[in-house]
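Observations on the model geometry
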Amino acid sequence: MDQDALAELLSDTTDPSLIVQSQQNRPDSPLHNYSSVSVLSAPLHTQQQRLLSTLDDQSFLKLVNSYELSPHEKRSLLGHESDSEPQWESDGSHTPSTSRKSSSEPDHSASVPSSPETSTDNSDPSPGAPHIPVQNLNFGDYGQYFSDKKVLQQDRDAHIKKLYQDALNNGQPFPPVFKDCIIYINGRTDPDRLQLHQKIVLYGGQFMHFLSGKTSVTHIIASNLTAKKRVEFQKYKVVTPSWIVDSIAATKRLPWQDYALITGDHGQRKLDLNIARRSNSESAPQVKNSEDSVTTLDCKHPDFLQSFFAKSRLHHLSTWKADLRALFCQKYIEHGDVKSISENEKVAIFHVDFDCFFATVSALSDPRYKLYKDPLAVAHGTNSSEIASCNYVARSFGVKNGMWVRSARRLCPKLICMPYNFEQYEINSKLLYQILAGMQFFDMILPISIDEAICVKKVSSFPDHHDVEHQCEMVTSAIRQQVFDATNGCTVSIGCGPSLVSARLALKEAKPNGQCVVMNLTGQIQVDNFQAKFTLKDLPGIGSSIVDKICKELLPDASVTPTIGDLKAVSSLKSLTSILGTKTGRKLHMFLSGKDDEENSRILRDPLNFFARKSISVDINYAIRFDTIHEIDDFIDRVCQHLTSKIHELGLVTPQVTLKVMRRCEHAPIEPAKYLGSGECDTFSRSSRFGVPTDEMGLIATEIKSSFRMLACPSKDLRGLAVQLNKLEKKSARHEQRKFAFADQLPTLHKDAEASALRPNAFHSLPQTLKEDVRSELIKRHIQVPLSPSRNDATSTSPVKEYWDKFGKQRDTFKQEMPSSLDEDFMRNLPSQIQREIKRDHAIVKKTRSSVRKRDVNKEEAASKSWLNHRSTLTEVDKFQALERPRDIYNLIGTWIDQTISVGPHADDLDLFDRYLDRLASKWKSYKVLQIARAMSSRLEYHASFTAAEPRGRQEWEEYLLRRMIPKLHSSCSARSPQVQFEL
DNA sequence: GCTCTTTAGGAG
DNA sequence: CATCGCTCCTAAAGAGC
């Protein structure tokens, strides 16, 4: 048995693509059908090399040749179903973000086994050739891969476990010493992580390659921990590697406490660690702080988003909520027996809510804080920092959540600020939900937020129908006691009533640390009496703005806080709907009688639909300070990257995106009172649609950037930005087929030809790093290495000439002309603004033709002005250098690029070209500009593939493309909007 | 009339 | 030093036909 090979099999790999199935690889090994090459820490090119060396000659050549294929063909050749384009580059020139990730986060990785779905009959170009299901042969594409990684990893572990059992234990399973253990290994260990991983898997445990909020790890193996990790891992059982070794030796799981890396018993751990954290942070506070200020506060920093989110309470709230909802939906679907509540069903609603959750948890995590004596608050800073939560002592001084610390201190000078402890909040929340589920009492447990849940019990399902209220009291007490015990002192309050509204009001009554059951209110009078004392703001969905409206219209001389009783006395359904609109008016009217309105009770009637995700978005309205539009473009790219990787994980696509911009109010100061806050802003939003729902970052980002220009916010006045993906739907095969591959412009191969010969051009198309690997591989295989097409070599033709000789006649690169008809695929994949333009252009063609016949211009006086302008674009052909035919113009541009690739274009020529583009753009033909830009980009890419060196000319061309042409494209999109300003 | 977009508001 | 003002949903209002 080859232990090393197996250990390697079990290893982490930096890349998902490195498991290669090969029939002829070591047929005598137990792994003959499943040989793998995987490398943990070797540089990427070494991995590539190792990958290459595992292929037989034919597969190897096919793979190399395939580099020249279109992305689509590559996909089918490789049996690769992912919709993102395969990336071979390891130098990051085309995929900077992903390749950076691969090098900086080696832990976030695992090998992926070939899956049976790989190549299908019609996707295999040559059925006679050896099968090469090199799945996911895209070195940079992590998006798709991350979503399936966990499952695949587990499959692989299971597979390996079986191999081991067969090989070492006569097919018998090893003792399940680590059954139900989910184990993560941190840092350097002895034995090393490969061996530990192997042992864990063989002995019934589950191995986790990474820690994330969603994965529940039961144990962490570590030999030593940094101070930061020590804090990070405080919620886990952290043990030394000998726990694994000794447990296996004893063939039973030994008590982890004996091997705990962090000393102190389980119950005390929380406190001990906080003390440890304090002393640790004292040891090196400056270093940490200076790092923070560099990376977190600059919105131009690539990691800004992540570091901001890590500290944002609101982001955490939203994330938790979304996660809880997703979990609910998942469980709801799994257990099909969960019922919704029909309209007439009588229910008891239990509204469960932690008391000042953040403040309580933070206070309990450190013995210095006296929860019931000191005025406490959770906040980041000392002045304009917002109080996320404060305890009841602080509230007695008038301190409120959301208040700035400075103003709170005016009310309560002794107020103590505590830091956030997001991890602990999460843990306590889980405990609550576990307890609720563990009661086995409720018909439904609906997640409202991290600290709040609504439990539903049908009255008909109570054990004793006669004394429902008493049973509710009992359950309520039990929950409160259990949560208090489990969380070491967190209190929950519970309101219980026959409707969602009544339960909410009862909850309000119960707080703090109490319970209020109002199941026995008989008749409207009792309900009214109970409700009358609550304020309007206590009602769900009624905020200050609605209250203000009501006060203005119905209670002009009311007290500061009008109550339900006050309003009930003076309002009618009619008056409410006229003030607030139909739905809101009706909703409030229902509430006044203690009933849930239709929208509110959807959560009971159709919870799955209620909780299903319909949109996803990122909002950043803090620390946004940009100078140029390019910085904003980059930022938009990052935001879109974030979003698309999420929907990719979720398997969703979006047909509509919205950009929301917060712009500093004209009169607002440049820097507001709050440090890096947004200050007073106007908000604008703009949404746009895709012809076909998409999850592609490029399309989405382009659309958003375009929208940003439409909104015409000066870069320096931008204070907030949000990108939303709306109307999400499940991704289906349909969405794949519609793709229009702009990049797919290199000449394509005849599918069955030359499969076993190396085509020089393919070789030279390879990225430099890969080329070297292939070259050495070729030498090893005694295959002739193609000559380098050197520019200085007199005997060789110039690359440009070679290009034209070979492909010039085909004109594939510049073949894209204006679509003669509105080709669907072409249209659907264009940005929506450009779609509109093309449609408009075509509509004008039609109109012109018909109007030439009818000469019926009079009726459209209003439209005629602009309309006539458009018509002129049809009669007067756009010319560039006296050329008219699009093909000629494209060819001219191509030659121009070729001739100036080393020295760069002349400024005068660019000016002429600029003017031509402007003419196009001003005549509603920015799609032509787009096409030209695409063609130019692909030409430059072609040149880039020839040499490793960067000719200055190419850089200049790319600069032109990026800095002038693409903005031009956006600007032509927004030409209708007269106030648009551009910063180039 | 209708549909679609933008804006407002509320929740935790 | 500050400080971490998110993200989901629905409804109303407005625009355009």
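Placed above this text is the structure.
Now for a look at the structure at hand. Because the structure is predicted, anything quoted here is derived from the model rather than measured.

1. Notes on the packing of helix α13 (residues 313-334) against helix α17 (residues 422-438)
Interhelical geometry of α13 versus α17 gives an angle of 30° and a closest axis separation of 12 Å. Judged on the interaxial angle alone, α17 and α13 are roughly parallel. When you trace α13 past α17, the crossing you get is right-handed. Across the interface between the two elements, Arg313, His316, Trp320 and Leu324 from α13 touch Phe422, Tyr425, Glu426 and Tyr433 from α17.

2. Describing the protein's contact with DNA strand C
The full set close to DNA strand C counts 39 residues, and His315, Thr382, Ser384, Ser385 and Ser617 are the nearest of them. Taken together, the sugar and phosphate atoms account for 68% of what DNA strand C places within 4 Å of the protein. A distance of 2.5 Å is found between a phosphate oxygen of DNA strand C and a side-chain nitrogen or oxygen belonging to Asn621. One nitrogen or oxygen atom from the main chain of Gly679 is found 2.8 Å from a base oxygen belonging to DNA strand C.

3. Looking at the protein's contact with DNA strand B
Near DNA strand B, the surroundings consist of 21 residues, among which Ser449, Gly541, Ile546, Ser685 and Ser687 are the closest. Near the protein, within 4 Å, the atoms of DNA strand B are sugar or phosphate in 95% of cases. A distance of 3.4 Å separates a phosphate oxygen of DNA strand B from a polar atom in the backbone of Ile542. Between a phosphate oxygen of DNA strand B and a side-chain N or O atom of Arg689, the distance comes to 2.9 Å. Among the secondary structure elements, those contributing two or more residues to the surface near DNA strand B are α13, β9 (444-449), α21 (544-554) and β15 (681-694). Per-element accounting of the surface near DNA strand B gives the leading share, five residues, to β15. Residues that form the surface near DNA strand B fall into these classes: six nonpolar, nine polar and six charged.

4. Notes on the sheet that holds strand β1 (residues 182-185)
In spatial order, the strands read β2-β1-β3-β4; together these four strands make up an open sheet with parallel pairing. Edge strands, defined here as strands with exactly one partner in the open sheet, are β2 (206-208) and β4 (237-239). Neighbour to neighbour, the strand axes of the sheet diverge by 30° on average, direction disregarded. The strands touched by helix α9 (residues 242-249) within the sheet are β1, β3 (219-221) and β4, with β3 carrying the most contacts at an inclination of about 105°.

5. Comments concerning the packing of helix α12 (residues 304-311) against helix α27 (residues 629-650)
Taken N-terminus to C-terminus, the directions of α12 and α27 make an angle of 60°; their axes are 10 Å apart at the nearest point. Here α27 runs oblique to α12, going by the angle between their axes. The segment α12 lies against α27, with Phe304, Leu305 and Phe309 engaging Phe635, Arg638, Val639 and His642.

6. A word on the pattern of salt bridges
Per the stated rule, a full pass over the model turns up 16 salt bridges. Lys179 is the partner of Asp180 in a salt bridge, and the nearest nitrogen-oxygen pair spans 3.6 Å. Connected through salt bridges with shared partners, the residues Lys300, Asp627 and Glu631 form a single ionic network.

7. Examining the pairing of strand β16 (residues 718-726)
Looking along a regular strand, one sees the side chains alternate between the two faces of the sheet. The buried fraction of β16 amounts to eight of the nine residues, a majority that puts the element mostly inside the structure. Bridging between strand β13 (residues 616-620) and β16 involves five bridges; their strand directions are antiparallel. Residue Val618 lies in a different strand from β16, and its bridge partner there is Val723. Pairing geometry for strand β14 (residues 652-664) and β16, over eight bridges, is antiparallel. From the neighbouring strand, Thr658 faces β16, where its bridge partner is Gln724.

8. So, the sheet that holds strand β7 (residues 389-390)
Backbone hydrogen bonds hold the strands of a sheet together, and the pairing may be parallel or antiparallel. Pairing is mixed across the open sheet formed by three strands, whose spatial order is β7-β6-β8. One side of each edge strand has no neighbouring strand; the edge strands of this open sheet are β7 and β8 (416-418). Bridging between strand β6 (residues 376-378) and β7 involves two bridges; their strand directions are antiparallel. Its bridge partner being in β7, Ala377 is matched across the sheet by Cys390.

9. Some thoughts on unusual backbone geometry
Looking along the chain, the bond that leaves Lys511 and enters Pro512 is cis, with omega of -5°. With respect to the helices and strands, the residue Pro512 is situated in the loop between α19 (500-510) and β12 (515-517). Although it is not a glycine, Ala623 adopts a positive phi angle of roughly 65°. Assignment of secondary structure puts Ala623 in the loop between β13 and α27. At Lys727, a position not held by glycine, the phi torsion is positive, near 50°. One can find Lys727 in the loop between β16 and β17 (729-730).

10. With respect to the environment of Ser578
For Ser578, the location among the structural elements is in helix α23 (residues 573-580). Classification of Ser578 by relative accessible area gives exposed; the value is 60%. Within the structure, the side chain of Ser578 is placed 3.0 Å from the backbone oxygen of Ser575, a separation counted as a polar contact.

11. Notes on the packing of aromatic side chains
Taken as a whole, this structure holds 25 aromatic pairs when the rule is applied. Considering the side-chain rings of Phe350 and Phe441, the 6.5 Å spacing of their centres and the 85° angle between planes classify their relative orientation as edge-to-face. One end of the pair, Phe350, is in strand β5 (residues 347-354); the other, Phe441, is in the loop between α17 and β9, and 91 residues separate them in sequence. Both residues of the pair, Phe350 and Phe441, belong to the buried class. A centroid spacing of 4.5 Å and a plane angle of 35° characterise the contact between Phe354 and Phe357, whose relative ring orientation is tilted. Residue Phe357 is classed as buried on the basis of its relative accessible area, which comes to 3%. Seen from the ring of Tyr369, Arg368 lies directly overhead, with NZ or CZ sitting 5.6 Å from the centre. The ring of Tyr392 carries Arg395 above its face, with NZ or CZ at 4.6 Å from the centroid.

The rules behind the values
Residues numbered from 1 in each chain as written. Chains lettered and ligands numbered in written order. Predicted model: local features only at pLDDT ≥ 70, side-chain atom pairs only at ≥ 80, totals over all residues. Heavy atoms only, no water. Axes fitted to C-alpha atoms, helices over the stretch in contact; angles between N-to-C directions. Helix = DSSP H or I, 4+ residues; strand = E, 2+ residues; numbered from the N terminus. Parallel < 35°, antiparallel > 145°, perpendicular 65-115°, else oblique. Left-handed = near helix turned anticlockwise from the far one by under 90°. Contact = heavy atoms within 4.5 Å. Near = heavy atom within 4 Å. Polar contact = N/O pair within 3.5 Å; in protein donor to acceptor, adjacent residues only side chain to side chain. Nonpolar A, V, L, I, M, F, W, Y, C, P; charged D, E, K, R; others polar. Pairing = 2+ DSSP bridges. Salt bridge = Lys/Arg side-chain N within 4 Å of Asp/Glu carboxyl O. Buried < 20%, exposed > 50% of the residue type's maximum accessible area, 1.4 Å probe, protein only. Phe/Tyr/Trp six-rings, centres within 6.5 Å; stacked < 30°, edge-to-face > 60°. Lys NZ or Arg CZ within 6 Å of the ring centre and 35° of its normal.

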